[in-house]
Amino acid sequence: MKYISLLGATGSIGMQTLDVIRNHSEAYRLIAFSSGRNMDETRKIIKEFKPKLVSVQNKDDCKRLEAEFDSSISFSYGEESLVEVAVYEKADILVNAVLGSVGLFPTLQAIKAKKTIAIANKETLVTAGHLVMEAARENDVELLPVDSEHSAIFQALQGENPKNIEKLILTASGGSFRDRTRNELKEVTVEEALNHPNWSMGAKITIDSATMMNKGLEVIEAHWLFDIPFEQIEVLLHRESIIHSMVEFHDSSVIAQLGTPDMRVPIQYALTYPDRFPFPKASKLNLAQIGKLHFQEMDMDRFYCLKLAYQAGVAGGTMPTVLNAANEAAVSGFLKGKIKFLQIEELIEKALSRHNRIKHPDLSTIQDVDKETRSYIDSLL
């Protein structure tokens, strides 16, 4: 039996992680989790999985839950309580599925506590990849990727010498607006942007997919996870979302990982690694039925957020921190109806252009830059 701590239990990845644990209750137990403001789901999770520690966002919700459930469960609230869940003594694996840079500090603390980490919170590596990977090496902690693209690369590299890599090829569905011109994007609605053609994800990630920022963040994440220069990381538009990513080697061989678009599969692999468990609920891939797979080069001018992400990643230092913070604030503004779709990239570019890069930021500097960038974008909104 392995004990799981889960950050972001009521989000899209969190709920799918619970489904994996539910399907393999003989092997995994949810011992601690955090949630935001969705108390209905939080109560359901507590009743079903009976964890020992629960973290919520605000004090009033915490008090209500304490009154409802018996004293065998500990409750806490606020960002500090995320660390309690991340380092919970009885947990073997931390699944970090929160959205945003709020996941950074709990991840660093979990690394110090020598927890195995299944990382779905890409902002942790985007904002402070150098600090996270250095801490992981120092504490001999393995970061197991949960994103389907990084899981695919991780699987393709099993038994391979990383020195033989020619390039990493990340695939992108193209999101909700892949067939629209930039001119056609000027008046798109929030509802249209949230209609992803292949994947079922949360609102923020779905918008990131539509702008292609999600893929840009994944490029930066891949750079840190696999220690690969940005010029050796390519993105291909792949409409079917069947090949999740590929690795090309020096001898011209290409190894790809294929599967139906179901996030529970990479989540489960992160939990079972190096083993593989059956997953009867997963749809089987039928290539004969699919018939054809399509690929095309990414147009960086069409998907401008991807271009901005590459530029920020290559610049390094605090630039990826600015990129991520500006994107989160801008996407939030779009979801609230304060700005139009194409203004997301405009605000991100403004934030990047005004920032004076700090080459080797420590955690405090990263947190300050993150906060300042969000304030700047909010002032523009």
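Look up a bit, the structure's there.
Residues numbered from 1 in each chain as written. Predicted model: local features only at pLDDT ≥ 70, side-chain atom pairs only at ≥ 80, totals over all residues. Heavy atoms only, no water.

J.: Please provide a residue-by-residue account of the overall build of the protein, values included.
T.: Each helix and strand counted, the protein has 16 helices and 12 strands in total. Against the compact-globule benchmark of 21 Å for 381 residues, the protein has a radius of gyration of 20 Å, which places it among compact chains. Along the three orthogonal principal directions, the C-alpha set of the protein runs to about 55 × 50 × 40 Å. The buried share among the 381 residues of the protein stands at 57%. (Helix = DSSP H or I, 4+ residues; strand = E, 2+ residues; numbered from the N terminus. Rg over C-alpha atoms; globule rule 2.2 N^0.38 Å. Buried < 20%, exposed > 50% of the residue type's maximum accessible area, 1.4 Å probe, protein only.)

J.: Could you give an account of the side chain of Gln268, naming the residues involved and the relevant values?
T.: Following the sequence through the fold, Gln268 ends up in helix H11 (residues 264-272). Within the structure, Gln268 has its side chain in polar contact with the backbone oxygen of Phe277 (distance 2.8 Å). Beyond its immediate stretch of four places on either side in the chain, Gln268 contacts Val20, His24, Phe277, Pro278 and Phe279. (Polar contact = N/O pair within 3.5 Å; in protein donor to acceptor, adjacent residues only side chain to side chain. Contact = heavy atoms within 4.5 Å.)

J.: Break down the environment of Leu271 for me, citing the residues and quoting the values.
T.: Secondary-structure assignment places Leu271 in helix H11. Put simply, Leu271 and Gly291 are 20 residues apart on the chain and 32 Å apart in space, counted from C-alpha to C-alpha.

J.: Which residues make up the sheet that holds strand E2 (residues 28-34), and what values go with them?
T.: Taken in spatial order, the seven strands make up an open sheet running E4-E3-E2-E1-E5-E6-E7, and their pairing is parallel. Each having just a single partner strand, strand E4 (74-77) and strand E7 (143-145) make up the two edges of the open sheet. The sheet shows a mean angle of 25° between the axes of neighbouring strands, direction not considered. Pairing of strand E1 (residues 2-7) with E2 involves five bridges; the strand directions are parallel. Among the inter-strand pairings, Ser5 is bridged to a residue of E2, identified as Ala32. Sheet contacts for helix H4 (residues 79-86): E1, E2, strand E3 (53-56), E4 and strand E5 (93-96); angle to E3, the most-contacted strand, approximately 155°. (Pairing = 2+ DSSP bridges. Axes fitted to C-alpha atoms, helices over the stretch in contact; angles between N-to-C directions.)

J.: Would you mind going over the packing of aromatic side chains in detail, with residue names and values included?
T.: Within the structure shown, the criterion is met by seven aromatic pairs. On the basis of an interplanar angle of 35° and a centroid distance of 6.2 Å, the ring pair of Phe69 and Phe75 is categorised as tilted. Under the relative-accessibility criterion, Phe69 is labelled buried at 15%. The exposure class of Phe75 is buried, given its relative accessible area of 11%. Considering the side-chain rings of Tyr269 and Tyr273, the 5.8 Å spacing of their centres and the 70° angle between planes classify their relative orientation as edge-to-face. Tyr269 sits in the buried class, given a relative accessible area of 8%. An aromatic cluster is built from Phe154, Tyr269 and Tyr273, whose rings are joined through pairwise contacts. Positioned above the aromatic ring of Phe303, the side-chain terminus of Arg302 is 4.3 Å from the ring centre. (Phe/Tyr/Trp six-rings, centres within 6.5 Å; stacked < 30°, edge-to-face > 60°. Lys NZ or Arg CZ within 6 Å of the ring centre and 35° of its normal.)

J.: Give me the lowdown on the sheet that holds strand E9 (residues 233-237), citing residues and values where you can.
T.: Taken together, the five strands give an open sheet; going across it, the order is E11-E10-E8-E9-E12, and neighbouring strands pair in mixed fashion. Looking at strand neighbours, the two that pair on one side only are strand E11 (254-258) and strand E12 (296-297), the edges of this open sheet. Bridge count for strand E10 (residues 243-249) against E11 is five bridges, and the pairing is antiparallel. Across the sheet, residue Met246 finds its bridge partner in E11, namely Ala256. Across the face of the sheet, helix H10 (residues 213-226) comes into contact with strand E8 (165-172) and E9 while running at roughly 150° to E8.

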